[in-house]
Amino acid sequence: MDIDEKIKKIEDEIQKTPYNKATSHHIGKLKAKISKLKEESLQRKSSGTKGKGFHVKKSGDSTAVLVGFPSVGKSTLLNELTNAESKVGAYQFTTLDIVPGIMEYRGAKIQIFDIPGIITGASGGKGRGKEILSVARTADLIIIVLDVFNPQHLDIILRELRDIGIRPNENKPDVTVRRKKLGGVQVSSTEELTHLDEATIRSIINEYGMHNADVLIRGDVTMDQFIDALENNRSYVPAIVLLNKVDLVDESYLKELKKTIPNFIPISADKKFNIDYLKDQIFENLNLIRVYLKPQGKKADFEEPLIIKKGSTVLDVCGKLHREFVKNFRHAKIWGDSVKFPGQKIGPDHILEDKDVLRIILKK
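All values derive from a computational prediction rather than experimental measurement. Counting restarts for each chain: residues are numbered from 1 in the order of the written sequence. Totals for whole chains, interfaces and linings use every residue, but because this is a predicted model, local features are given only for residues with pLDDT of at least 70 and side-chain atom pairs only at 80 or more, for both listing and counting. As a rule here, side-chain values cover all heavy atoms of the structure and leave hydrogens and water aside.

Draft legend 1. Seen up close, the packing of aromatic side chains. Two rings belonging to Phe, Tyr or Trp (six-membered ring only in the last case) form a pair when the distance between their centres is within 6.5 Å. Interplanar angles under 30 degrees mark stacking, angles over 60 mark edge-to-face geometry, and anything in between is tilted. According to the stated counting rule, one finds 3 aromatic pairs in the structure shown. Their ring planes at 70° and their centres at 6.1 Å tell us that Y105 and F283 sit as a pair that is edge-to-face. In this pair, Y105 is assigned in strand β2 (residues 99–105) and F283 in helix α9 (residues 275–285), connecting sequence segments 178 residues apart. Of the residues examined, F283 reaches a relative accessible area of 1% and is grouped as buried. Only when the NZ of Lys or the CZ of Arg is both within 6 Å of the ring centre and within 35 degrees of the ring normal is a charge said to sit over the ring. Over the ring of W335 we find K294; its NZ or CZ atom is 5.7 Å from the centre of that ring. Strands are runs of DSSP state E lasting at least 2 residues, helices are runs of H or I lasting at least 4, and numbering of each runs from the N terminus. Each residue is placed in one exposure class: buried if its accessible area under a 1.4 Å probe, protein chains only, is under 20% of its type's maximum, exposed if it is over 50%, and partly exposed if it falls in between.

Structure (structure tokens):
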């Protein structure tokens, strides 16, 4: 029996097992087995496709990837957003390689990849899908592009992304597991666990070959999230959903769609509709902010901001500029929303906000 058949057999068993407190530890064990088998399958397929992968060279301040079925308009969209020249054609599989482009917006250089259209079964290797989807694992943002007449493709795309270890719009579960030699499995949590009990946790951990461990769970994690934490190779990437070719339908059609896909962004790449709003949303979802540097005795450089992640500190900026700035940092002064008054003197751990003006003072 091959791996796919084993997975199918276990999935059937889960379907037939009624879920309740008495069976949750058994279902947890079965789900852990499936997760391990899927990982084993991916590893085997990876080793069998050496030398055939897509080589992606990253540049710019952040990376986004366009994911969708063939002929949804990704190439046209890339050409509208960036300086790329991606081949455009009204037939399937126009893009046969990964095409990068740079979107310059609010002073940021955002690299956007147009990857070949995925198909059902892509995560299992169909249509070189595994290699294609692997590009999304390391992206800072996934842009899911749907054809307005095929919104049902969203469920398929999300499933394919999950099957390759990507968790769109999910936070990494805060789970710490420390192996020990004796003492069994000890579980502690910071809040009440409504999806897991100790028997289920032990059952899952045993499946991973651990019989003695201290488990600390912060937050009310689900069974699947706990298994993800044990695998420790999941990719947590923000995602946005676009509905392309909306110029071909009326408002009532879109209103009906919002009942099943509430947060889509309507666009028409061909008619250039809503592209500026989309650029704004890409920037916002990448969690980027602009910081203007003010060298001593000079005016602030408002032409070329330094692009950093939201939540970055002054010391993070120093590290991005040069290691000497970290080594010789004395203090800094800021003009902007992150301080109480203009030119406030602050330390290395101060968190910056968008459009802050920063002057770094070094030790002499």
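Draft legend 2. Quick peek at the pairing of strand β8 (residues 239–244). The element β8 is largely enclosed, with a buried count of 6 among its 6 residues. Here β8 shows no split at all, with A239, V241 and L243 on one side and I240, L242 and N244 on the other all buried. Any two strands are treated as partners once DSSP identifies two or more bridges connecting them. For strand β4 (residues 141–147) and β8, the ladder comprises 6 bridges, and the chain directions are parallel. Residue pairing across strands places I142 opposite A239, the latter belonging to β8. Bridge analysis of β8 against strand β9 (residues 265–266) gives 2 bridges, and the strand direction is parallel. Counterpart to L243 in the pairing with β9 is P266. Remark: the β8/helix α8 (residues 251–257)/β9 crossover connection has right-handed handedness. For crossovers, right-handed means that the path from the first strand over the helix to the second runs clockwise, given strands pointing away from the viewer.

Draft legend 3. Representation of the pairing of strand β1 (residues 62–67) within the structure. Burial runs high along β1: 6 of the 6 residues are buried. Both β1 and strand β3 (residues 108–114) contribute to a ladder of 5 bridges, which runs parallel. Bridged to V65 within β3 is F113. Judged from the 4 bridges that link them, β1 and β4 form a sheet pairing that is parallel. Each bridged residue has a counterpart across the sheet, and for V65 the counterpart in β4 is I142.

Draft legend 4. Inspection of the sheet that holds strand β7 (residues 213–218) at higher detail. Here we have 3 strands laid out as an open sheet, ordered β5-β7-β6, and mixed in their pairing. Looking at the sheet topology across the chains shown, the edges are occupied by β5 (174–179) and β6 (185–189). Sheet twist, expressed as the mean angle between neighbouring strand axes with direction ignored, is 10°. Judged from the 6 bridges that link them, β5 and β7 form a sheet pairing that is antiparallel. Bridge pairing in β7 links D174 to R218. Convention adopted: a line fitted to C-alpha atoms gives each axis, helices being fitted over their contacting stretch, and angles between N-to-C directions are expressed from 0 to 180 degrees.

Draft legend 5. Broad picture of the environment of A269. With respect to the helices, strands and loops of the structure, A269 is situated in the loop between β9 and α9. Of the residues examined, A269 reaches a relative accessible area of 1% and is grouped as buried. For the pair formed by A269 and D247, sequence separation is 22 residues and the distance between their alpha carbons is 9.6 Å. Every residue pair with non-hydrogen atoms within 4.5 Å of one another is taken to be in contact. Leaving out residues up to four positions away in the same chain, A269 has contacts with G73, T76, L77, E80, N244 and I275.

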